[in-house]
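Fold and contact review
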Amino acid sequence: MPQEIFSYSNDHVLQKVSVTVLSDDPQPGYWVIFIHGGAWRDPSKTFADLAAAETLLCTAEPYTSTVLPHIAAFASIEYRLSAHPEHPQDPVATPPSQFRNARHPDHLADVESALALLQGRYGFGERYVLVGHSCGATLAFQTVMRHLGGYDDHFRHRNLAQPSAILGVAGIYECRLLRDHFSGISAYQDLFEGAFGPDETLWDAVSPAKVGSGFDGIQGGWTAGKLAVLAYSAEDELVDTSQAEAMEEALRLWTSSASQEETRRTVMLPVKGRHDEIWEKGEELARAIAFTLTELQKM
Ligand SMILES: Nc1ccccc1C(=O)C[C@H](N)C(=O)O
């Protein structure tokens, strides 16, 4: 199954998405679309972060007989990044197409452009699971928020088909809460300021767990959604469990406002390993993706 790489814009080298199509079946399975983490800024995180889990899902039992038949394709999105203090770039010598100085809403606008490219080429509609790790989970849930601070509705891809399920893995859902939990570590203040600027009211207005349970957030926005899975690890040294707990709470109104019972669910999924181990080894990420697809089949 050859991997293809598409650029969804020519402005920046990071504006690309990898695609591996497994089945051209007219009765297709789900697309699994991944958004990597790295605190909106870490250039060592790439679309290849899905590779270990993807390989396991495609080659290892029991996945090959249980979930693989229900997967149509894998895609993995890269997006423009903010500046990273440990990866400085010379602003004069670096071409604009490689310079990392993105600010919200650039990251999300890129994710939406990537989804638009995929929908335009493959037209899978709502038959996809959006999977995000760390800030990738923030971005995944932001795509289905009705309004978003600092992002003019006018510029959003309003007619994009929404995912049937979102799997957040070690996700950041409430910026200030995370910063305060690690208040002795300046990197947290820096990474949020790098992505969103110093105005903390904006941090709240982009946090899926802060605006989630409201008409402006996921409750009003994610009309097509069926399943939210929040995978979290007690061994995660960078994102503590209160993030997934806050998101679970915020999703409560979204779940209960479904027109019929059992048509929307939120599931907390404990996984093992440190923050990056989850996708690096791939076993836990693969298990979480398989879990999400299996639960989705039941609905
Ligand atoms: N401090 C974090 C808190 C939460 C999530 C990620 C990070 C990271 O540090 C990611 C990346 N390794 C970075 O250097 O930006």
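Residues numbered from 1 in each chain as written. Predicted model: local features only at pLDDT ≥ 70, side-chain atom pairs only at ≥ 80, totals over all residues. Heavy atoms only, no water.

Okay, the pattern of salt bridges next. For side chains of opposite charge, pairing can occur when their charged atoms come near one another. A full pass over the atoms with the stated rule returns 16 salt bridges. For Asp-204, the salt bridge goes to Arg-176, with nearest N and O atoms at 2.9 Å. Placement of Asp-204 in helix H7 (residues 200-206) and of Arg-176 in helix H5 (residues 175-181) is noted, with a sequence separation of 28 residues between them. For Asp-204, a relative accessible area of 17% gives the class buried. Using a relative accessible area of 26% as the deciding quantity, one classes Arg-176 as partly exposed. The partner of Arg-252 in a salt bridge is Glu-248, with the nearest N and O atoms 4.0 Å apart. (Salt bridge = Lys/Arg side-chain N within 4 Å of Asp/Glu carboxyl O. Helix = DSSP H or I, 4+ residues; strand = E, 2+ residues; numbered from the N terminus. Buried < 20%, exposed > 50% of the residue type's maximum accessible area, 1.4 Å probe, protein only.)

Now for the side chain of Glu-174. By the element assignment, Glu-174 lies in the loop between strand S6 (165-169) and H5. In this view, Glu-174 contacts Ser-207, Ala-209, Lys-210, Gln-243 and Ala-246; residues no more than four positions away in its chain are not counted. (Contact = heavy atoms within 4.5 Å.)

Bringing the UniProt feature "active site" (unreviewed entry) in the protein chain into the picture now. Per the UniProt record, "active site" (unreviewed entry) is found at Ser-134, Asp-236 and His-275. With the annotated positions falling across 142 residues, the maximum pairwise C-alpha distance of 10.6 Å places them together in a single cluster. Lining the largest cavity, out of the annotated residues just given, are Asp-236. Examined against the element boundaries, Asp-236 turns out to sit in the loop between strand S7 (227-233) and helix H10 (242-256). If near-sequence neighbours (up to four positions away) are discounted, Asp-236 is found in contact with Ala-170, Gly-273, Arg-274 and His-275. Inspection of the secondary structure puts His-275 in the loop between strand S8 (265-271) and helix H11 (277-280). By relative accessible area, His-275 is classed as buried at 4%. (UniProt positions renumbered as here; feature names shortened; annotations may be inferred. 1 Å grid on protein atoms, 1.4 Å probe; cavity = no way out; pocket = protein on both sides within 12 Å on 5 of 7 lines; lining within 4 Å.)

The tally for this structure, following the rule as stated, stands at one cavity of 30 Å³ or more. In this structure, the largest cavity encloses a volume near 50 Å³. Lining the largest cavity are Ala-170, Gly-171, Tyr-173, Ala-231, Tyr-232, Ser-233, Asp-236, Val-239, Asp-240, Thr-241, Gln-243 and Ala-244. Every element with two or more residues in the lining of the largest cavity is listed here: S7 and H10. Of the residues forming the lining of the largest cavity, the biggest block, three residues, is contributed by S7. Looking at side-chain class alone, the lining of the largest cavity contains six nonpolar, four polar and two charged residues. (Points joined across faces, edges and corners; volume = space filled by probe spheres on them. Nonpolar A, V, L, I, M, F, W, Y, C, P; charged D, E, K, R; others polar.)

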